[in-house]
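So you can see what is in the structure, the chains are spelled out below.
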Amino acid sequence: MKITDLTWLVKFTNGDEARMKKYTALFVQQIPTFIETTGNAIDKKDFDQVARSIHSFKAQLLYFGLKESHHLAEDIELICKRGTAQNDIKEKFLLLKDHCLQAAQELGS
Amino acid sequence: MFRFFVIDDDATMREMVSDFVKRKYPDAQVFTFETGEAALVELHRKPEIFILDYQLDSKVAGAMNGIEVLKRIKELLPHTPILILSSQEDPQVASDTILYGAYDYIVKNENSFQRLEIMINNSTGHLSLNKMFRLQKSVNLILGILFLVVLGFVIYNRLFNN
């Protein structure tokens, strides 16, 4: 089952394939950096950086139809900001990472 | 023709916002920046509308946040509308940006571009009105000066030609 849903993007671009490709390429291109930056920040327990990285990236998840991943990202950001239940972050991030990698595979093909 | 400054640390968002503005306002000039610092050194381009993200330090560590950039712009260009476009849903952040002079606060979600268009229309409407008022003021001033010149001429003629 596909994790991405391009309904919003099609509407936003009026079905202009060139623009859709441009935004998709930019999104897919940012995924490895996002995963690396956030993963490193989690390893270093730098939760401010985790929150910053997630915050900056999460809107794109919505625009590419990854609603569940967006909720997950919001959860992680909130946990980082509240400073509670930080043990859950790694587990949630691994799930978010899987979502992003799957999205990259779907959109890249 | 309006000049837009789009400030967002996310490359996809910068492109999407920039393309959206260019499509809706084909005459507009759009300049994009990753940080507030980069935008502030380009103010000589006389931007007329800002679309500003709140969190700007995800790529450049220590970059000014949206409120700091907003305050700086308001010091330098107090009448220029600034629309905040952010993923930050904290009401305190939203109210702070309005308190410091933002024209509106728009949360990044599926509806944000519709709201952005409305707010751009409202703010450009105000800009057009302001331009019209300024033009009207100039016309009034010229007419006033012209009236005084004519009046002076009439008085001069009456006094010295009779």
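Computed from a prediction, not measured in an experiment: that's the story for all the values here.

Student: How should the confidence of the model for chain B be read in this particular structure?
Tutor: Low-pLDDT stretches of the model should not have their predicted coordinates read in fine detail. All names here are of chain B. Here chain B shows a mean pLDDT of 91. Residues at 70 or above account for 97%. For chain B, the element scoring lowest by mean pLDDT is helix α5 (residues 112–161), at 87; strand β2 (residues 29–33) scores highest, at 97. In the model output, the complex is listed with pTM 0.83 alongside ipTM 0.88.

Student: What's the story with the environment of glutamate 37 of chain B in this structure? I'm lost.
Tutor: All names here are of chain B. Secondary-structure assignment places glutamate 37 in helix α2 (residues 36–40). Using a relative accessible area of 31% as the deciding quantity, one classes glutamate 37 as partly exposed. Here the alpha-carbon distance between glutamate 37 and asparagine 65, two residues 28 residues apart in the chain, equals 9.8 Å.

Student: Got a minute to help me understand the interface of chain B and chain A in this structure?
Tutor: On the side of chain A, 22 residues touch chain B, which itself brings 23 residues to the contact. Surface buried jointly by chain B and chain A totals about 2100 Å² across both partners, of which 52% is contributed by carbon and sulfur atoms. Our enumeration of links across chain B and chain A arrives at 4 salt bridges. Those elements that provide at least two residues to the side of chain B that touches chain A are α1 (11–24) and α5 of chain B. Looking at which element gives the most residues to the side of chain B that touches chain A, the answer is α1 of chain B, with 8 residues.

Parameters and conventions
Residues numbered from 1 in each chain as written. Chains lettered and ligands numbered in written order. Predicted model: local features only at pLDDT ≥ 70, side-chain atom pairs only at ≥ 80, totals over all residues. Heavy atoms only, no water. pLDDT = per-residue confidence, 0-100. Helix = DSSP H or I, 4+ residues; strand = E, 2+ residues; numbered from the N terminus. Buried < 20%, exposed > 50% of the residue type's maximum accessible area, 1.4 Å probe, protein only. Contact = heavy atoms within 4.5 Å. Buried area = accessible area lost by both parts, 1.4 Å probe. Salt bridge = Lys/Arg side-chain N within 4 Å of Asp/Glu carboxyl O.

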